There are 2 protein chains.
Amino acid sequence: MRATVIHAPNDIRVEEVPDPVIQRSDDAVVRVLRACICGSDLWAYRGESAREAGQRIGHEFLGVVEETGSEVSGLRAGDLVVAPFVWSDGACEYCAEGLTTSCPAGGFWGTPGSDGGQGEYVRVPFADATLVALPSDATSDDRLLSALLTLSDVLGTGHHAAVGAGVRPGATVAVVGDGAVGLCGVVAAKRLGAERIIALGRHTDRTDLARTFGATDVVAERGEAAVEAVRELTGGQGAHSVIEAVGTEQSMRTAVGIARDGGAIGYVGVPHGSGTGLDLGVMFGRNIALRGGIAPVRTYIPELLPDVLSGAIDPSPVFDLAVGLDGVPDGYRAMDERKALKVLVRP
Amino acid sequence: MRATVIHAPNDIRVEEVPDPVIQRSDDAVVRVLRACICGSDLWAYRGESAREAGQRIGHEFLGVVEETGSEVSGLRAGDLVVAPFVWSDGACEYCAEGLTTSCPAGGFWGTPGSDGGQGEYVRVPFADATLVALPSDATSDDRLLSALLTLSDVLGTGHHAAVGAGVRPGATVAVVGDGAVGLCGVVAAKRLGAERIIALGRHTDRTDLARTFGATDVVAERGEAAVEAVRELTGGQGAHSVIEAVGTEQSMRTAVGIARDGGAIGYVGVPHGSGTGLDLGVMFGRNIALRGGIAPVRTYIPELLPDVLSGAIDPSPVFDLAVGLDGVPDGYRAMDERKALKVLVRP
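Residues numbered from 1 in each chain as written. Chains lettered and ligands numbered in written order. Predicted model: local features only at pLDDT ≥ 70, side-chain atom pairs only at ≥ 80, totals over all residues. Heavy atoms only, no water.

A. Up close: the overall build of chain A. Regarding its fold elements, chain A presents twelve helices and 18 strands. Over its C-alpha atoms chain A spans a radius of gyration of 20 Å, differing by no more than 12% from the 20 Å that the globule rule assigns to 347 residues. The proportion of buried residues among the 347 residues of chain A is 61%. In chain A, of all internal contacts separated by at least 6 residues, the share reaching a separation of at least 24 is 70%. When the accessible area of chain A is evaluated, it comes to approximately 12600 Å², of which 47% is carbon and sulfur surface. (Helix = DSSP H or I, 4+ residues; strand = E, 2+ residues; numbered from the N terminus. Rg over C-alpha atoms; globule rule 2.2 N^0.38 Å. Buried < 20%, exposed > 50% of the residue type's maximum accessible area, 1.4 Å probe, protein only. Contact = heavy atoms within 4.5 Å. Areas by Shrake-Rupley, 256 points an atom, 1.4 Å probe, with all protein chains shown as cover.)

And the structure:
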């Protein structure tokens, strides 16, 4: 089959690789219908996250089950399924608690020895536990397929941030980051009943999308000026809930600065850089909580799926560029150069 | 009256100062029956927290109302009352939410212009909102008075840490810090139904007390060895809830290291030192939350008071040295030299 391979920073290629086969009785092989490129893939692309030469890449996909191992009972060939960005066994204590990302048997697509999402096929471990079946008639609805694809990462991650930030009906929510996760944070905050959603971002095409998704205010300033702007919008208090969807020291500093006393920061931006940006003295004096981390999106899919299927929420507009498999390297370049927000891949 | 005054680091004196008088119609003047010295007072004593020369000191006290302003309606002369370590107006949005420590009109005993708890009398702003009435017959019960005094800070602070750490029935809780707050964290964790309580501390007299309060295990190691010991006690997983009651970079690093995936750190140790001790990469990957800060103990007093009165919980053994007002400077020395855990003051 053909799949995306990362050889070195800035060296992404689409190549012929071995076809995946059932290796364990609980595996499935999925033919990928839709995949995409994630902001976090760019850390590998830019060399900021180490990868072995020749690793596969891509951790978001949905597709059709091609083959199942003998012990797979809940899925059969032909089923339309979406995969969360981490596989998990569904049998351990963490899986039982919903923290599928801490499953000791779990893993990430694209780690050595596994397939990545940006390819024609993926071998899925623990298929019954990992995959979630979707209505098969969704395959004929291109927009819906794109919306369902966000369940594999960005929508669930935005939801995790909103839950971590304690978004409640009536809350004022601020969202730091206008990438796909931040925008899905807006979607999730609105879905959870936020009354006011302040989107922080400098790119008007993205903040316009944030408004479409439910943002009531936009703050284009950065750093201290952003903090002042949010405080001015909130009667000096700041936001009850802050979604941090960037992961830099600067973005976390902003998140702390715009949080209301007693509020919470839900952080899902993968931390990178040396400093945390957390002023613990400020957080202590104002009782600001910090919750979040890698999102156990598998756990959230059953909750979010009905609203995606009904159209109550529609994150599909986060995809602003679509490519075939051969176009994946161009897709990375486009996202790296911020010419695309999020790239859809149709293998 | 006579009261404790801090002139400079290591220079604590008991001096004649002006008698407090009613300044505002919502003031009360309280005659102090019991006060105490807090671990956080030592930061001022050691010069690690700045104080103006001549500031009063002490923020924990209970006593008898001597006089009330014309608008005080819920208290009268002769009432036995306990004061939380921060006064608050009871009228603002934060007070309504229970975050009394963020009350814009609130303040700390001992700040310039206010009385400290380690003296004969204290003028109490917003007396109706700040003070909580106690049964007057408690004055004849020395042990009970000591237990009630912990409501002014350390018990409520330990409770805040336990709440921040998400202590639930059946949880495994680890407590970093064997000072009075950490020990009250043990009391609070047990009260909230923790099944297993691991106390980290090197001083056997203190960890013995922790066992009395409900600790099921004691870890005397520090740093990496402590992390390993807690992991060994918890099947490699760590504790669901970690109470951080020290406030140093080292103690926070330990707290992160011993937290279970998906768990929470409730931190109430006043942060001091340059680093936070927070490894955000670890916290992100394991979804460890951080909640806490300065405890709104006023809010917790009504919840905790019945259990103190009934004897269901009895934190009074945290006081292991008692002095009169003249003995306060010796009390600071004893705590500074770790010869006393917590010093009771009977003015």
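B. A look at the sheet that holds strand β1 (residues 2-8) of chain A. Residue and element names in this part refer to chain A. Strands sit in the order β2-β1-β4 across an open sheet of three strands; the sheet is antiparallel. Both outer strands of the open sheet, β2 (11-16) and β4 (55-56), are each paired with one neighbouring strand and no more. Looking at chain direction, β1 and β4 are connected through two bridges and run antiparallel. Across the sheet, Val5 pairs through a bridge with Arg56, a residue of β4. Packed on one face of the sheet, helix α12 (residues 328-336) meets β1 and β2 and runs near 160° to β2. (Pairing = 2+ DSSP bridges. Axes fitted to C-alpha atoms, helices over the stretch in contact; angles between N-to-C directions.)

C. A look at the UniProt feature "domain: Alcohol dehydrogenase-like N-terminal" (unreviewed entry) in chain A. Under the local residue numbering, the UniProt record ascribes the feature "domain: Alcohol dehydrogenase-like N-terminal" (unreviewed entry) to residues 25-128 of chain A. Taken end to end, residues 25-128 of chain A is 12% helix and 30% strand, and its two terminal C-alpha atoms sit 11 Å from one another. (UniProt positions renumbered as here; feature names shortened; annotations may be inferred.)

D. View of the sheet that holds strand β1 (residues 2-8) of chain B. Residues and elements named next belong to chain B. As summarised here, the arrangement of the three strands in space is β2-β1-β4, forming an open sheet in which the pairing is antiparallel. Where the open sheet ends on each side, the last strands, each with one partner, are β2 (11-16) and β4 (55-56). Sitting on the sheet, helix α12 (residues 328-336) touches β1 and β2, and the angle it makes with β2 is about 160°.

E. Spotlight on the packing of helix α8 (residues 223-233) of chain A against helix α9 (residues 249-258) of chain A. Residues and elements named next belong to chain A. One way to put it is that α8 packs onto α9 with a least axis distance of 9 Å and a crossing angle of 25°. Looking at the two axes, α8 sits roughly parallel to α9. The crossing of α8 and α9 is right-handed. Where α8 abuts α9, its residues Gly223, Ala226, Val227, Val230 and Arg231 lie against Gln250, Thr254, Gly257 and Ile258. (Parallel < 35°, antiparallel > 145°, perpendicular 65-115°, else oblique. Left-handed = near helix turned anticlockwise from the far one by under 90°.)

F. Up close: helix α6 (residues 180-191) of chain A. Residues and elements named next belong to chain A. Its twelve residues place the ends of α6 16 Å apart at the C-alpha level, agreeing with the 16 Å of an ideal helix rising 1.5 Å per residue. Burial analysis of α6 places ten of its twelve residues in the buried class, which makes it a mostly covered element. As for α6, its buried residues are in contact with α5 (154-164), β11 (172-176), β12 (196-200), α7 (204-213) and β14 (239-244). Of the residues one or two after α6, Gly193 is the one with positive phi, at around 100°. (Expected span 1.5 Å × (residues − 1).)

G. Local environment of the relation of the copies chain B and chain A. Overlaying chain B on chain A yields an RMSD of 0.0 Å, the required transformation being a rotation through 180° with an accompanying axial translation of 0.0 Å. With respect to symmetry, the two chain copies, as superposed, fit the operation of a two-fold axis. It is Leu290 of chain B whose C-alpha, among those of chain B, lies nearest the rotation axis, at 2.5 Å. Residue by residue, 100% of the interface of chain B is reproduced at the interface of chain A, so both copies engage with the same surface. (Least-squares fit on C-alpha atoms with pLDDT ≥ 70 in both.)

H. Broad picture of the domain arrangement of chain A. All names here are of chain A. By the assigned domains, chain A splits into domain 1 (2-153 + 296-346) and domain 2 (156-292). The distance between the C-alpha centroids of domain 1 and domain 2 comes to 27 Å. Summing both sides of the interface, domain 1 and domain 2 together bury roughly 1700 Å²; the carbon and sulfur share of this comes to 65%. Sorting the residues of domain 1 by area buried against domain 2 places Tyr300, Arg338 and Leu341 first, and these three jointly supply 31% of that buried surface. (Domains from an automatic or database assignment. Buried area = accessible area lost by both parts, 1.4 Å probe.)

I. The arrangement of the nonpolar core in detail. Ile265 and Leu290 of chain A together with Ile265 and Leu290 of chain B are the most contacted members of the largest nonpolar core, which totals 58 residues. Leaving out residues up to four positions away in the same chain, Leu290 of chain A has contacts with Met252, Ile265, Tyr267, Leu278 and Met283 of chain A together with Leu280, Met283, Ala289 and Leu290 of chain B. (Core = buried A, V, L, I, M, F, W, Y, C linked by side-chain atoms within 4.5 Å.)

J. Structural view of the environment of Gln250 of chain B. Residues and elements named next belong to chain B. Relative to the assigned elements, Gln250 resides in helix α9 (residues 249-258). Overall, Gln250 belongs to the partly exposed group, its relative accessible area being 36%. Placed 23 residues apart in sequence, Gln250 and Gly273 show a C-alpha to C-alpha distance of 9.8 Å.

K. Representation of the packing of aromatic side chains. Residues and elements named next belong to chain A. Tallied over the full model, the rule gives ten aromatic pairs over all chains. Considering the side-chain rings of Trp87 and Trp109, the 5.0 Å spacing of their centres and the 55° angle between planes classify their relative orientation as tilted. Placement of the pair is Trp87 in strand β7 (residues 86-87) and Trp109 in the loop between β8 (107-108) and β9 (121-124), with a sequence separation of 22 residues. Residue Trp87 is classed as buried on the basis of its relative accessible area, which comes to 11%. For Trp109, a relative accessible area of 5% puts it in the buried group. The structure contains a cluster of three or more aromatic residues connected by ring pairs, namely Phe61, Trp87 and Trp109. The ring of Trp43 carries Arg46 above its face, with NZ or CZ at 5.6 Å from the centroid. (Phe/Tyr/Trp six-rings, centres within 6.5 Å; stacked < 30°, edge-to-face > 60°. Lys NZ or Arg CZ within 6 Å of the ring centre and 35° of its normal.)

L. A look at the pairing of β11 of chain A. All names here are of chain A. Here β11 lies mainly inside the structure; five of its five residues are buried. Both faces of β11 are covered, namely the face carrying Thr172, Ala174 and Val176 and the face carrying Val173 and Val175. Relative to β12, β11 runs parallel, the two sharing five bridges. Bridge pairing in β12 links Thr172 to Arg196. The β-α-β motif built from β11, the intervening α6 and the parallel element β12 has right-handed crossover chirality. (Right-handed = clockwise from strand over helix to strand, strands pointing away.)

M. View of the pattern of salt bridges. Evaluated as defined, the whole model comprises 44 salt bridges over all chains. When the shortest N-O distance is used, the salt bridge between Arg260 of chain B and Glu97 of chain A registers 2.8 Å. Taken together, the residues span two chains, with Arg260 of chain B in strand β15 (residues 259-267) and Glu97 of chain A in helix α2 (residues 93-97). A residue is classified by how much of its surface remains accessible, and Arg260 of chain B, at 2% relative accessible area, is buried. Glu97 of chain A gets classed as partly exposed once you look at its relative accessible area, which sits at 45%. Taken together, the shared-partner salt bridges connect Asp11, Arg13 and Glu15 of chain A into one network. (Salt bridge = Lys/Arg side-chain N within 4 Å of Asp/Glu carboxyl O.)

N. How the structure looks around unusual backbone geometry. The residue Phe126 of chain A is not glycine, and still its phi comes out positive at about 45°. Structurally, the position occupied by Phe126 of chain A is in the loop between β9 and α3 (127-130). The phi angle at Asn10 of chain B is positive, at roughly 65°, despite the residue not being glycine. Inspection of the secondary structure assignment puts Asn10 of chain B in the loop between β1 and β2.

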